[in-house]
Amino acid sequence: MSSTATTVAQSAPSTAGRPASAGAAGSTPESTETGTGTEAPAVDYSGYKLVPAKHPGRWVGTVLVALGVAAVLWSLATNPRWEWGVVAQWFTAQSVVNGLIETLKLTAISGALGFILGFVLALMRLSASPLLVGVSWTFSWIFRSTPLLVQLLLWYNLGYLYEKVSLGIPFTDVRFFEVQTTTLISQFAAAVLGLTLNQAAYSAEIIRGGILSVDQGQLEAAAALGIPAWRRSTRIVLPQAMRAILPTAFNEIIGLVKGTSIVYVLAYSELFYTVQVIYNRTQQVLPLLLVATLWYVVITSVLSVFQYYIERHYSKGAVRNLPLTPLQKVRRFFATHAVKESR
C-alpha cells in the first residue's frame, strides 16, 4: 500500500500538464505527502511555459482608435481651408497677445476674489446664525439661478437703476463719498463684478462641501486634546478638505478662463472679442477662431499641470506612496528599457 503511494508521488513531475490534480488531494504545489507520512520531493515548475493573457478586444479597440486619430490628424494637415499660415501669422500678433493678457487678468482677479468671497459665504453657511445662513443661501441661489450673460449686462447698466453710488451713514443725508455710477462701472469693472459674484456663488458650495467631507470625529478628538478652534480649522480641517475641494475648484477656474469669452457683449477687448474684431475686418473667420481656441488650450493645459502638482502635494496624508510625476515616469521608462537592452 505504501509503496504504491510513493510511486505515484514520485511520478508527479511527469504530470506537469495537470497541476490542479495535486491540489485536489489536499497537498500543496511545493510538496506531496506519501502514505507513510514522509514528504515527497517538491514538484518542479521550472519547465512550465509562461503564456501571456490575450486581449483581442483591447487590440481591436486600440487599432480602431489609432485609425480615427490618424484620420483626424491627416485631415488637419491636408485640408487647406484650415489656413495654418494665417493661424501662425495671427497667433502671436500684438493685438491677440494684448487680448490674451486681458483674459488672464480677468481670470486672475475674478478667480481670486471669487474664491475669497466664496470662502466667506461657505463659513456663513456653516454658521449657527440663521441670518448668516439665510444670506449665504440666498446669495448662492440668486447667482446660480441667473445666466452669467444677464448678470454682466445688469451690472453694466447699473447706472440706469442708480445714478450715483455713495458711501455714508445709512438713513441720513451724511455722505462721505459719491460718484456717478456710469463713471464707476466701466466695462472692466462690470466684467470683474459679474465674473466674481458668479464665481463666488459656486465656490461657496465647493468649499462648503469640502469642509463637510472631513470626519466630524476628528474635530471632536482635536477639541478633546485642547487644540484651539483656529488651529483645528487650519491644521486639521482645511488640509483634508483641500483634497475634495481642489479638483472641482480647478474645474471652476478652467471654466472661468473660457467664461471670460462672454465678456465680449460688453465690447471689452479680451481674447475672444479681439479675435472677433480681426476676423470681421479680414473675413478669415475659421483661422482666427482657431487662434483663440489654441490659446485657450494652452492656458487650460498650464492650469492642469498646476492642478496635478497641487493635488499631489495635498495627497501626502491620504496615500502611502505619492504618484510619480510625468518626469519621474519618463526616467523610470528609460531606466527600465536600458536595463533590458543591457541584458
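Residues numbered from 1 in each chain as written. Predicted model: local features only at pLDDT ≥ 70, side-chain atom pairs only at ≥ 80, totals over all residues. Heavy atoms only, no water.

Caption draft 1: Structural detail: the packing of helix α5 (residues 94-125) against helix α12 (residues 229-259). Between α5 and α12, the shortest axis-to-axis distance is 11 Å and the interhelical angle comes to 145°. Crossing angle aside, the handedness with which α5 passes α12 is right-handed. From α5, T103, T107, S110, G111, F115 and F119 reach across to α12, where they touch L238, A249, E252, I253, L256 and V257. Grouping the constituent residues of the contact of α5 with α12 by class yields seven nonpolar, four polar and one charged. (Axes fitted to C-alpha atoms, helices over the stretch in contact; angles between N-to-C directions. Helix = DSSP H or I, 4+ residues; strand = E, 2+ residues; numbered from the N terminus. Left-handed = near helix turned anticlockwise from the far one by under 90°. Contact = heavy atoms within 4.5 Å. Nonpolar A, V, L, I, M, F, W, Y, C, P; charged D, E, K, R; others polar.)

Caption draft 2: Region of the structure containing the pattern of salt bridges. A full pass over the atoms with the stated rule returns four salt bridges. Put simply, E205 and R125 hold a salt bridge, and the shortest N to O gap is 3.0 Å. With E205 in helix α10 (residues 187-212) and R125 in helix α5, this residue pair connects regions lying 80 residues apart in the sequence. Note on E205: relative accessible area 18%, which makes it buried. Note on R125: relative accessible area 21%, which makes it partly exposed. Between E178 and K164 there is a salt bridge, with its nearest N and O atoms 3.9 Å apart. (Salt bridge = Lys/Arg side-chain N within 4 Å of Asp/Glu carboxyl O. Buried < 20%, exposed > 50% of the residue type's maximum accessible area, 1.4 Å probe, protein only.)

Caption draft 3: Representation of the packing of aromatic side chains within the structure. Scanning all chains against the criterion turns up seven aromatic pairs. An angle of 35° between the planes, with centres 4.6 Å apart, marks the rings of F139 and F143 as tilted. Note that F139 and F143 are positioned in helix α6 (residues 130-145) at a spacing of four residues, about one turn of the helix. Owing to a relative accessible area of 12%, F143 belongs among the buried residues under this scheme. (Phe/Tyr/Trp six-rings, centres within 6.5 Å; stacked < 30°, edge-to-face > 60°.)

Caption draft 4: Spatial organisation of the nonpolar core. Judged by nonpolar contacts, the single largest core of 22 residues is most densely connected at L106, F139 and V263. Secondary structure elements with two or more residues in this core: α5, α6, α7 (148-156) and α10. Take this core: its biggest share by element is eight residues, from α10. Excluding residues within four positions of it along the chain, F139 makes contact with L117, L121, L197, A200 and A201. If you look at the next biggest cluster of nonpolar residues, it comprises 21 residues, including V86, L100, I278 and L288. (Core = buried A, V, L, I, M, F, W, Y, C linked by side-chain atoms within 4.5 Å.)

Caption draft 5: Up close: the confidence of the model for the protein. With 86% of its residues at a pLDDT of at least 70, the protein reaches an overall mean of 82. Of the regions scoring below 50 in pLDDT, residues 1-32 engages in 23 contacts with residues more than four places distant in sequence or in other chains. (pLDDT = per-residue confidence, 0-100.)

Caption draft 6: Structural detail: unusual backbone geometry. Phi is positive for A267, close to 60°, though the residue is something other than glycine. Along the chain, A267 falls in the loop between α12 and α13 (271-282). Phi angles above zero are rare outside glycine, and Q283 is one such case at about 65°. Locating Q283 in the fold gives a position in the loop between α13 and α14 (285-314). Judged by its relative accessible area of 58%, Q283 falls in the exposed class.

Caption draft 7: Looking closely at the pairing of strand β4 (residues 175-180). Two elements, strand β3 (residues 164-168) and β4, share five bridges in a ladder whose sense is antiparallel. Bridge assignment links V165 to a residue of β4, and that residue is V179. Counted along the chain from β3 to the antiparallel partner β4, the turn is six residues long, and its residue F171 has a positive phi close to 65°. (Pairing = 2+ DSSP bridges.)

Caption draft 8: Structural detail: the side chain of N198. If you trace the backbone, N198 turns up in helix α10. Beyond its immediate chain neighbours, meaning those up to four positions away, N198 contacts F143, L148 and Q151.

Caption draft 9: Spotlight on a nonpolar patch on the surface. A surface patch of nonpolar side chains, about 500 Å² in accessible area, is lined by L167, I169, V174, F176 and F177. Its relative accessible area of 44% is what places F177 among the partly exposed residues. (Patch = residues over 30% accessible without salt bridge, like charges linked within 9 Å, V, L, I, M, F, W, Y side chains within 5 Å. Areas by Shrake-Rupley, 256 points an atom, 1.4 Å probe, with all protein chains shown as cover.)

Caption draft 10: Region of the structure containing α6. When the terminal C-alpha atoms of α6 are compared, their 22 Å separation across 16 residues agrees well with the 22 Å that a helix rising 1.5 Å per residue should span. Residues of α6 that are buried: S136, F139, S140 and F143. The arc that holds the buried residues of α6, viewed along the axis, is 90°, so those residues lie on one side. Residues of α6 that are exposed and point over 90 degrees away from its buried face: P130 and L131. (Expected span 1.5 Å × (residues − 1). Arc of directions from axis to C-beta.)

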